[in-house]
Every structure is written in C-alpha cells, then in structure tokens.
Amino acid sequence: MCETCGCTITPGNEHLVKPKGKLEHTSEGRASIEVLSGLLHENDHQAGHNREHFDRHDVLAINLMSSPGSGKTALLEATIEAIGDEFSIGVVEGDLETENDAQRIRAKGVPAVQITTGQACHLDAHMVHDALHEMDLDDIDVLFIENVGNLVCPASFDLGHHINVTLLSVTEGDDKPAKYPVMFRAADVMVLSKADLLDVLDDFDTGKAERHLRELANPADVMTLSARRPETLGPWLDWLRESVKAKRSGEALSPRIQPDGVHLHEPA
Amino acid sequence: MHELSVCQGLMRQVEQVAANNNAKSVKRILLRVGGLSGVEPSLLQSAFEIARAGTIAEHAELEIEDGPIVVKCQECGASSAAKLNRLLCQYCGEWRVNVVEGEELLLLSMDIETAQSAAEESRHV
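Residues numbered from 1 in each chain as written. Chains lettered and ligands numbered in written order. Predicted model: local features only at pLDDT ≥ 70, side-chain atom pairs only at ≥ 80, totals over all residues.

## Description of the overall build of chain A
Helices and strands together make up the secondary structure of chain A, namely eight helices and eight strands. Within the span of chain A, comprising 268 residues, buried residues form 49% of the whole. (Helix = DSSP H or I, 4+ residues; strand = E, 2+ residues; numbered from the N terminus. Buried ≥ 20, exposed ≤ 12 C-beta atoms within 10 Å, placed from the backbone.)

What follows is the structure, given as structure tokens:
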C-alpha cells in the first residue's frame, strides 16, 4: 500500500476496491456535496462488527504492536506458560510470510491462526474478520492479535480489539515514542521488553522512555519485563487478569485512542 | 505509509457519494488530514494519482486541508497548539491534556458534475 514499502491492497480489503461501483450516469446540476465522513469508514465499520462479535462471545481482544523482533511472540509464549489453566488464550498472528509464529504458539497448546499479508504492512479489520472464521471463540477468554511488526501503519487501523499493547524492546532506543508518536499515542499499555539486557545496555533509560510517552499525553501503564525471566512478568500477568475480570463483568472496553478518525473533530 | 490503502478507502466512498448524487464525474475532492491521523498528505497525493485511475474521479483534483494539532489542558483548562510528539499544554507544561483537534481523517466535500450540468455547459459554448 504505501509507496515506500510497496504494500498494495490487502487480501482482506480487496473486495472493497474493485474498480467501478454501481454508478448511474443521470441527472441534474453541478453540485458541491458535503460528506464529512472518515476515510477509513469501511475498515471502522468492519472493526465495529468484530468488536460486537468478541463481546457476544465474552472474548477480550488485545492488539499487540511493535517493531519486528521486539519480542511479541516470545511474550505470548511466556504468558501462555504462566497463565496455564487460569483462562484460555487464542492467538491471531500477522506476518508478511511464513507460519512460523503460529507454529510457535501451537507448540504451547494454544489455538493460533496465521494471517499472511503478502506485501501489506499492517492487519486490517477485514483480515481479522476472515481469520475469526477459523477460530472457535466459545472456547477462548483472551484473543491476542499479534500485528505485523511495524511502528507506523498498524496504528491507523482499528481491528475491533479492546486494548492496544505496544512493545518497545530495550535494544531499540528509549526515544522511540518521540520518533513514532502516532503508534505510541495509541498504546493503552507500553511494555518495555527484553529488560534482561538492561544490565549490558548503558543507553536505554526506562524513565526517559516513559517521559517520551507522557509527552504524547498518554497515561498508559508502563511495564518493564523480560519474557526470559518469568519472575519479571508479575505486573503484566496481574494487569491481564484484571482486564479479563473487567471484561467478564461486562465492562465496555475499547482502545483509549481510536486511531482511525472515529473521534472526529467536533465543530465548535 | 499505508496511504494507498487509505486512498482506496477514499475512492470507494467517493464512488458511493457520486452514485448517490447521480454524478457524471467528480471534479474536486476536499479532505482534512490532521497532524495526528498517521497519514502523510504528500504521500496521499501520490497515492491518489494511482487510485483514481479508472474511477469516476479520474480527472478530479484532490485538495488536502491540513488539520492543526490542538490540545486542551486538564489542569489549567487552556487550549494551545502542540507538536506531533510534544502534546503538552503550552501554558503550564502539563501532559494531562485532551487532543481536541488533529486526529481527523475526513472527506469534507466533493464537487461533482452531472449530465444536466454538462448539457448546460455545452449550450454555453
């Protein structure tokens, strides 16, 4: 889709962009028409359906975003291990190619559906909808949607999830929230991952990373952890348990920032 | 990034609005793109060149209005302009602010031509 990275129409949305709709060539006067609608209307509409679908099945849907290689799959593996039988987890994996991540998740005994996006650099609501046909939500309490590794595009597409979790691994630099503000502004939780490496990295300041996040007017919880050190996962697991409890008690959850223009400008 | 996807969503809407209004062609499309929308206006313009091919807006002009970023402070109540990665109150420096403008990604309006208007134009010639 973007010129820069060569992605095109995604497999999930291509039915929407087939050339030439049902156009009628009739009628009266040149006109200026006020439209005032969001450009991602089609995606938002599908995302709304997905969210209703999750809510009907009492499923908490979490969108995991980060750059490639910051440890999204490793965090899921460690989470699945730690949660055990407390509640059931399902995973939708998004990558350009390969089933590798879904296989890693399945190896932990958890159902996983892999979406391969081809050249597209983000998941959209239609792709997630299609993936849901392959997963029985009745058996699932928490669905993690592991988005395509990318700190730019995924932030603009609502998938119908309830919570955005953005990972920043400590090898990436503590100024990433300032460099990728749209992504980090969308985070409901920021996880600083690979924290076991902090001992050998002298240039990552977790306080600075948090300050950059606050400068985006974002009150999100910040959790510092390492998927390789189960003893560091406590706050993350507690947060997850609380979120599952909130969902079960019928609390209406949705991302704090709707990234795609749902919060339309209200004229004064 | 992802501007072509966004643009294809736009074209879909443009075609629907055009169909609902019996347009023969679309002359002009006006958008408002806020600084926090995640969309780069110049890339959207380039994407439009590709996305409009073969549509009713093939010869349309795309105008993009930049939306400024404005935050309202939860502490002192003042509204001020803010930078994309520094959404702080300009007056008291507080980070607990609400973004009141800058997230828009909107199709504001379209100018269309219909069969009748085309006929009128040819009469004027």
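## Some details on the overall build of chain B
Each helix and strand counted, chain B has three helices and six strands in total. Going from N to C terminus, chain B has its helices and strands arranged as α-β-α-β-β-β-β-β-α. The C-alpha atoms of chain B give a radius of gyration of 19 Å, which is well past the 14 Å a tight globule of 125 residues would have. Expressed as a percentage of its 125 residues, the buried residues of chain B come to 49%. The long-range fraction of contacts in chain B, counting pairs at least 24 apart against all pairs at least 6 apart in sequence, stands at 69%. (Rg over C-alpha atoms; globule rule 2.2 N^0.38 Å. Contact = placed C-beta atoms within 7 Å.)

## A few points about the pairing of strand 3 (residues 70-73) of chain B
Looking along a regular strand, one sees the side chains alternate between the two faces of the sheet. All names here are of chain B. Only one face of strand 3 is covered, namely the face carrying Val71 and Cys73; the face carrying Val70 and Lys72 is uncovered. As judged from the three bridges shared by strand 3 and strand 4 (residues 79-81), these two strands associate in the antiparallel manner. Within strand 4, the position partnered with Val71 by the bridge is Ser80. Where strand 3 folds back on strand 4, the antiparallel hairpin that results is connected by five residues, among which Gly77 adopts a positive phi of roughly 80 degrees. (Pairing = 2+ DSSP bridges.)

## Structural notes on the nonpolar core
Core analysis: the biggest nonpolar cluster contains 79 residues, and A:Ile62, A:Val128, A:Leu143, A:Phe144, A:Ile145, A:Met190 and A:Val191 have the highest contact counts within it. Among residues more than four places away in sequence, those in contact with A:Phe144 are A:Ile62, A:Leu64, A:Leu76, A:Ile89 and A:Val91. (Core = buried A, V, L, I, M, F, W, Y, C linked by C-beta atoms within 7 Å.)

## Details of the sheet that holds strand 2 (residues 61-67) of chain B
Note: strands within a sheet are paired through backbone hydrogen bonds, in either parallel or antiparallel orientation. Read across the sheet, four strands follow the order 1(A)-6(B)-1(B)-2(B) without closing on themselves; strand pairing throughout is mixed. Each having just a single partner strand, strand 1 (31-38) of chain A together with strand 2 of chain B make up the two edges of the open sheet. Ignoring strand direction, the axes of neighbouring strands in this sheet form an average angle of 20 degrees. Of the pairings in the sheet, the one linking strand 1 of chain A to strand 6 (residues 105-113) of chain B comprises six bridges and is antiparallel in character. When the sheet's bridge partners are listed, A:Ser37 is paired in strand 6 of chain B with B:Leu107. (Axes fitted to C-alpha atoms, helices over the stretch in contact; angles between N-to-C directions.)

## Focus: the sheet that holds strand 4 of chain B
All names here are of chain B. Sheet architecture is open: three strands sit in the order 4-3-5, paired in antiparallel fashion. Both outer strands of the open sheet, strand 4 and strand 5 (97-101), are each paired with one neighbouring strand and no more. On average, each strand axis in the sheet is inclined to that of its neighbour by 35 degrees, with strand direction left out of account.

## Some details on unusual backbone geometry
At A:Thr98, a residue that is not glycine, the phi angle is positive and equals roughly 75 degrees. The class for A:Thr98 is exposed, based on 11 C-beta atoms found within 10 Å. In this structure, B:Asn22 takes a positive phi of about 50 degrees despite not being glycine.

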